[in-house]
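# A closer look at the structure
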Amino acid sequence: MPRLWTGDFVRICLVNFFIFVNFHALLPTFPFFVTYLGGDAVAIGVATALFSIRAMM
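Worth saying up front: this structure is predicted, and the values here are computed from it rather than measured. (Residues numbered from 1 in each chain as written. Predicted model: local features only at pLDDT ≥ 70, side-chain atom pairs only at ≥ 80, totals over all residues. Heavy atoms only, no water.)

With that settled, consider the overall build of the protein chain. Along the backbone of the protein chain there are three helices and zero strands. Each helix and strand of the protein chain, ordered N terminal to C terminal, gives the series α-α-α. Taking 10 Å as the expected radius of gyration for a compact globule of 57 residues, we find that the protein chain reaches 17 Å, considerably beyond that expectation. Here the C-alpha coordinates of the protein chain stretch approximately 55 × 20 × 10 Å along the principal axes. The buried share of the protein chain, taken over its 57 residues, is 7%. For the protein chain, the computed accessible surface area is about 5,000 Å², with 76% contributed by carbon and sulfur atoms. (Helix = DSSP H or I, 4+ residues; strand = E, 2+ residues; numbered from the N terminus. Rg over C-alpha atoms; globule rule 2.2 N^0.38 Å. Buried < 20%, exposed > 50% of the residue type's maximum accessible area, 1.4 Å probe, protein only. Areas by Shrake-Rupley, 256 points an atom, 1.4 Å probe, with all protein chains shown as cover.)

Shown next, in the form of structure tokens:
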């Protein structure tokens with residue numbers, strides 16, 4: 001039976017962890033950035049939705 005916890009698997013897990021940390025650290029501050037650029041509530045909603053959709057692709 002092959003081992004699961006190989007060096008490659010651990011590196012893949014770490015990279016995946018840091019990608020999700022980056023995304024979840026950016027998402028809560030994103031509406032403040034849109035407001036800083038002059039956006040209203042609709043612009044915040046549209047920009048956040050597009051950002052989230054694009055992050056999944």
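There is more to say, and it comes next.
Looking now at the packing of aromatic side chains. All told, the structure shown has four aromatic pairs when counted by the stated rule. Look at Phe17 and Phe18: their rings are 5.2 Å apart centre to centre, the planes differ by 70 degrees, and that puts the pair in the edge-to-face class. We classify Phe17 as partly exposed; its relative accessible area is 49%. One aromatic cluster is present, formed by Phe23, Phe30 and Phe51 through successive ring pairs. (Phe/Tyr/Trp six-rings, centres within 6.5 Å; stacked < 30°, edge-to-face > 60°.)

So, on to the confidence of the model for the protein chain. Caution is warranted with low-pLDDT regions, since their predicted coordinates should not be read in detail. Across the protein chain, pLDDT averages 90, with 100% of residues at or above 70. Element-level pLDDT for the protein chain is lowest in helix α3 (residues 41-56), with a mean of 88, against a maximum mean of 92 in helix α2 (residues 30-36). (pLDDT = per-residue confidence, 0-100.)

Mapped onto the elements, Arg11 comes out in helix α1 (residues 7-26). Given a relative accessible area of 52%, Arg11 falls into the exposed group. Polar contacts involving the side chain of Arg11 include one to the side chain of Asp8, which spans 2.7 Å. (Polar contact = N/O pair within 3.5 Å; in protein donor to acceptor, adjacent residues only side chain to side chain.)

Turning to the environment of Ala41, a few remarks are in order. Considering the arrangement of structural elements, one finds Ala41 in helix α3. Along the chain, Ala41 and Thr29 lie twelve residues apart, while their C-alpha atoms are 14 Å from each other.

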